[in-house]
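A closer look at the structure
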Amino acid sequence: MFFYGMTDIGKKRTVNQDNFRIKEYSPDIIAAVVCDGMGGARGGGVASSLAISAFIGYLDGEEAGIMSALDASDADEKISDILRRAVSAANDTVFSASEASAELSGMGTTLVCALITPRSVYSVNVGDSRMYIYSNGTMTQVTKDHSYVQYLVDIGKISPQKAKKSSQKNIITRAVGTEDTVEADVYTVSRSDTSSHSFALLCTDGLTNMVATRDIAAAFKSISNPDTEQLQKSAEKFVSMANQKGGSDNITVIILAY
């Protein structure tokens, strides 16, 4: 597997409140996580940093459990439970820090993680940072946003096309650290048996609000034999595309080829 991640302040913001981390547990087991913080001049950056540290720290402590779960008949259930508990650990850390400081009160963050294993790709998310998979020429959004406009789409009030243009698209309905508990969603995608490479993309809305999915897919289509250098060029291209469209927010991307 190859991977590359980067974050950029964008064109409009004065601080970057996004954070990301990639952790390689073995040559074929990798965890990657992206957080988009919110809350005041300092709060968002603190929240995203604390959440990632707590999340990865929990996975580190469960490394043996992850390895053993992969061979179990109920592997998906066991891995999903570990990921949900990792989100809870992140939520506890951010919420406690928020409660302890008036300056940081109310801070929170989105969180999206990809855990790539030999058989499956797992994802857990809270908020509107996303995971996509590009495989066999098809781009698929794996995670579902926890946002007000997604709720309106779900109940049939607006179309997905109108949601993309809505002035309310940045209102999220769940975040890590804003309440004492949080519900995370977990997704499982079986790895393709084809010989072609597949890609997982983790990103904040600084990318998806600016760049159309079809343009992201076209960039993946141009990668013939992925390595770290090619993934770096693709990540830099995504950031550049978002900035060329206005760069209204911080932009963070992680690309994993498997």
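Residue numbering note: each chain is counted from 1, following its sequence as written. A pLDDT threshold of at least 70 governs which residues receive local features in this predicted model, and a stricter bar of 80 or more applies before side-chain atom pairs are shown or counted, although totals over entire chains, interfaces and linings include all residues. Side-chain metrics in this entry use all non-hydrogen atoms of the structure; hydrogen atoms and water are not considered.

Some details on a negative patch on the surface
Put simply, a patch holds well-exposed residues, over 30% relative accessible area, that have no salt bridge, with like charges counted together within 9 Å and Val, Leu, Ile, Met, Phe, Trp or Tyr side chains within 5 Å. All accessible-area figures derive from a Shrake-Rupley calculation using a 1.4 Å probe, and residue coverage is judged against the displayed protein chains alone. Each reported salt bridge corresponds to a side-chain nitrogen of Lys or Arg within 4 Å of a carboxyl oxygen of Asp or Glu. Under the convention used here, Asp and Glu are negative, Lys and Arg are positive, and both His and the chain ends fall outside the count. Here the site of a charge means atom NZ of a Lys, CZ of an Arg, CG of an Asp or CD of a Glu. Where like charges cluster on the molecular surface, the negative patch consists of D92, E99, E179 and D180. Runs of H or I in DSSP of at least four residues are treated as helices and runs of E of at least two as strands, each being numbered from the N terminus. Position of D180 among the secondary structure elements: in the loop between α5 (160-165) and β9 (185-190). In this scheme, a residue with accessible area under 20% of its type's maximum is buried, one over 50% is exposed, and one in between is partly exposed, where area comes from a 1.4 Å probe on protein chains only. Residue D180 is classed as partly exposed on the basis of its relative accessible area, which comes to 48%.

A look at the pattern of salt bridges
For the structure shown, the criterion picks out 10 salt bridges. Here D145 and R130 are joined by a salt bridge, their closest N and O atoms 2.7 Å apart. Here D145, found in the loop between β8 (138-141) and α4 (148-154), pairs with R130, found in strand β7 (residues 130-135); they are 15 residues apart in sequence, far enough to count as distant. R130 matches D145 in its accessibility class, with the two residues each being buried. Overlapping salt bridges bring together E62, D81 and R85 as one network.

So, helix α1 (residues 43-61)
In a helix, the anticipated span is given by 1.5 Å times the number of residues less one. The end-to-end C-alpha distance of α1, which contains 19 residues, comes to 27 Å, matching closely the 27 Å that a straight helix rising 1.5 Å per residue would cover. When we look at burial in α1, the residues that qualify are G43, G44, G45, V46, A47, S48, A51, I52, A54, F55, I56 and L59.

Quick word on the packing of α1 against helix α3 (residues 75-100)
In contact at an axis separation of 8 Å, α1 and α3 are set at 140° when each is read in the N-to-C sense. The pairing of α1 with α3 is recorded here as oblique in orientation. At the point where α1 passes α3, the crossing takes the right-handed sense. Between α1 and α3, the residues in contact are A47, L50, A51, A54, F55, Y58 and L59 and I82, L83, R85, A86, V87, A89, A90, T93, V94 and A97, respectively. Gly is put with the polar residues, along with every residue not named as nonpolar or charged; the nonpolar set is Ala, Val, Leu, Ile, Met, Phe, Trp, Tyr, Cys and Pro, and the charged set is Asp, Glu, Lys and Arg. For the contact of α1 with α3, the per-class residue count stands at 15 nonpolar, one polar and one charged. Axis angles are defined between N-to-C directions and span 0 to 180 degrees, where every axis is a line fitted to C-alpha atoms and, for a helix, only to the segment in contact. The scheme is simple: roughly parallel for angles under 35 degrees, roughly antiparallel for over 145, roughly perpendicular for 65 to 115, oblique for anything else. A clockwise turn of the near helix away from the far one marks a right-handed crossing, whereas an anticlockwise turn of less than a right angle marks a left-handed crossing. Residue contacts follow a heavy-atom distance rule, with two residues in contact if any of their heavy atoms lie within 4.5 Å.

Quick word on the sheet that holds strand β11 (residues 251-257)
Sheet strands line up and pair through hydrogen bonds in the backbone, either parallel or antiparallel. Two strands qualify as a pair provided DSSP detects at least 2 bridges between them. Here five strands make up an open sheet; going across it, the order is β1-β11-β10-β7-β8 and the pairing antiparallel. Both outer strands of the open sheet, β1 (2-8) and β8, are each paired with one neighbouring strand and no more. For this sheet the average axis-to-axis angle between neighbouring strands, irrespective of direction, equals 15°. With seven bridges connecting them, β1 and β11 associate as antiparallel partners. Bridge pairing links Y4 to I255 in β11. Along the sheet, helix α8 (residues 228-244) makes contact with β1, β10 (199-203) and β11, crossing β1 at roughly 25°.

Side note on the nonpolar core
F55, L59, L83, V87, L111 and V124 are the most contacted members of the largest nonpolar core, which has 36 residues in total. Those elements giving two or more residues to this core turn out to be β3 (29-38), α1, α2 (63-69), α3, β5 (111-116) and β6 (120-126). Nonpolar core, defined: a set of buried Ala, Val, Leu, Ile, Met, Phe, Trp, Tyr and Cys residues in which side-chain atoms within 4.5 Å join the residues together. Counting residues in each nonpolar core, the second largest holds 25 residues, with M139, F199, A242 and A257 among its members.

Any functional reading would require information that these geometric values do not contain.
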